[in-house]
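# A structural walkthrough
One-letter residues, chain by chain:
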Amino acid sequence: MRLPAGVLCGAAGAAWRENFPLRGRDVARWFPGHMAKGLKKMQSSLKLVDCIIEVHDARIPLSGRNPLFQETLGLKPHLLILNKMDLADLTEQQKIMQRLEGQGLKNVIFTNCVKDENVKQIVPVVTELIGSSYRYHRGENLEYCIMVIGVPNVGKSSLINSLRRQHLRKGKATRVGGEPGITRAVMSRIQVCERPLMFLLDTPGVLAPRIESVETGLKLALCGTVLDHLVGEETMADYLLYTLNKHQCFRYVQHYGLGSACDDIEHVLKSVAVKLRKTHKVKVLTGTGDVNVVQPNYPMAARDFLQTFRRGLLGPVMLDLDILQGPPPGRD
Ligand SMILES: Nc1nc2c(ncn2[C@@H]2O[C@H](COP(=O)(O)OP(=O)(O)OP(=O)(O)O)[C@@H](O)[C@H]2O)c(=O)[nH]1
């Protein structure tokens, strides 16, 4: 594993890396066939749709949304759901809302679809949005049809299931999974509410054909929207460590019993592997013959570090803090 230059280990407050050497594999071009097909089908079904709910991850409220959605589906009333709020540090929520408003996004709700938090706010907002728009193609039809869109793994299916629990007291209608790309069948039409009679169309997660930057790709990958092996788990673990240190989120130190915070991913993963007993013996040839050396299992340690983060056990984070702390667009 290559080590980043200028690594520092020490107590909280030490100087952390100012930037991340961007050496991820090309995340920027992951656009599998089912996504292209999905987007086409979504466009062709638009005439049936009264409103669009776009679900995105609350840890990256300002980056990683698919610009194709705006270009191709932007004709309908739009509600942005920032889901997984339980995993996000929302200290700067006001600033986030201001930035989104600057992008023309006025209807935004933060949710936790596992615990059904804030999900009850959605139907009234959608009803209001549709009421104030001209449903020229629907005439007297009193059914509401909403399309749920978003990049993979942000909780689109979970949102539909949560709405059903809240309004119909019914269980799962659509499959939920921890890996991106679970929903592949386009356009399952699912009832979520009786009054008003509301149906949601679940859609497959669609990433932009070109992600705007490698850093955005890494943030999307940390949130689980891109398959881990496409980026490389050890690169992602290093980006995670870099982010946690930069944001002074040192819960990982206690979680893994590290003694002190550290900016050296090799050192951290070694300690993680030892703690998890994920080590193996390798034969090393020396001048006096073969010697068995204990080697940490870096890939397994990296996987555990990522999964622990995604479960929220390393504390809430705001991966777009760099954007929030920078100048608003158009003022640099
Ligand atoms: N912590 C947390 N996890 C959530 C939340 N909502 C969904 N999840 C989890 O996120 C993962 C993905 O959820 P899905 O509902 O399958 O996401 P999706 O957007 O439909 O995924 P694709 O089908 O890949 O596009 C699952 O493991 C869910 O349990 C939330 O609010 N908080």
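Just so we're clear, the structure is a prediction, and the values are computed from it rather than from any experiment.

A separate point is the pattern of salt bridges. Two side chains carrying opposite charge are able to pair once their charged atoms lie near each other. Evaluated as defined, the whole model comprises 10 salt bridges. Its salt-bridge partner being K219, residue D320 comes within 2.9 Å of it at the nearest N-O pair. Of the two residues, D320 is situated in the loop between helix 11 (298–310) and helix 12 (321–325) and K219 in helix 6 (residues 214–222); the sequence distance between them amounts to 101 residues. On the accessibility criterion, D320 (0% relative accessible area) is buried. Judged by its relative accessible area of 3%, K219 is buried. Here the salt bridges share partners, and the residues they tie into one network are R17, D238 and D263.

Here the UniProt-annotated "binding site: GTP" (unreviewed entry) positions come out as N83, K84, M85, D86, N153, V154, G155, K156, S157, S158 and G205. Tracing the backbone through its elements, the reader meets M85 in the loop between strand 2 (78–83) and helix 3 (93–102). According to the relative accessible area criterion, M85 is buried, its value standing at 19%. Discounting chain neighbours no more than four positions away, the residues touching M85 are A58, L90, F110, T111, N112, E117 and N118. Here G205 falls in the buried class, since its relative accessible area comes to 9%.

Right, let's get into the packing of aromatic side chains. Scanning the entire structure with this criterion turns up 6 aromatic pairs. When the ring of F20 is compared with that of Y242, the centres are 5.4 Å apart and the planes differ by 45 degrees; the resulting orientation is tilted. Highlighted residues: F20 in the segment before helix 1 (33–44) and Y242 in helix 8 (residues 233–246), separated in sequence by 222 residues. Relative accessible area serves as the criterion here: at 7%, F20 is assigned to the buried category. Here the aromatic rings of Y239 and Y242 are separated by 5.7 Å at their centres, their planes lie at 40 degrees, and the arrangement is tilted. On the criterion of helical spacing, the pair formed by Y239 and Y242 is a turn pair, its members being 3 residues apart in helix 8. One aromatic cluster in this structure is built from F20, Y239 and Y242.

A separate point is the domain arrangement of the protein chain. Looking at the assigned domains, one finds that the protein chain contains domain 1 (29–202) and domain 2 (232–325). Listed by partner, the interface residues are 14 residues for domain 1 and 11 residues for domain 2. For the pair domain 1 and domain 2, the two sides together bury roughly 1,100 Å², of which 63% comes from carbon and sulfur. Of all residues in domain 1, the largest losses of buried area upon contact with domain 2 belong to R59, L87 and D89, amounting jointly to 46% of the total for that side. At the boundary of domain 1 and domain 2, one finds 0 salt bridges.

Counting 81 residues, the largest nonpolar core has I53, I122, V126, I146, M198, Y252 and F305 as the members making the most contacts within it. Of all the elements, helix 8 adds the most residues to this core, at 7 residues. Two domains each put at least three residues into this core: domain 1 (29–202) and domain 2 (232–325). Those residues within four positions of V126 in sequence are excluded, and the remaining contacts are C51, I53, L79, I146 and M198. If you look at the next biggest cluster of nonpolar residues, it comprises 15 residues, including L82, A88, F110 and L324.

Definitions and limits used
Residues numbered from 1 in each chain as written. Predicted model: local features only at pLDDT ≥ 70, side-chain atom pairs only at ≥ 80, totals over all residues. Heavy atoms only, no water. Salt bridge = Lys/Arg side-chain N within 4 Å of Asp/Glu carboxyl O. Helix = DSSP H or I, 4+ residues; strand = E, 2+ residues; numbered from the N terminus. Buried < 20%, exposed > 50% of the residue type's maximum accessible area, 1.4 Å probe, protein only. UniProt positions renumbered as here; feature names shortened; annotations may be inferred. Contact = heavy atoms within 4.5 Å. Phe/Tyr/Trp six-rings, centres within 6.5 Å; stacked < 30°, edge-to-face > 60°. Domains from an automatic or database assignment. Buried area = accessible area lost by both parts, 1.4 Å probe. Core = buried A, V, L, I, M, F, W, Y, C linked by side-chain atoms within 4.5 Å.

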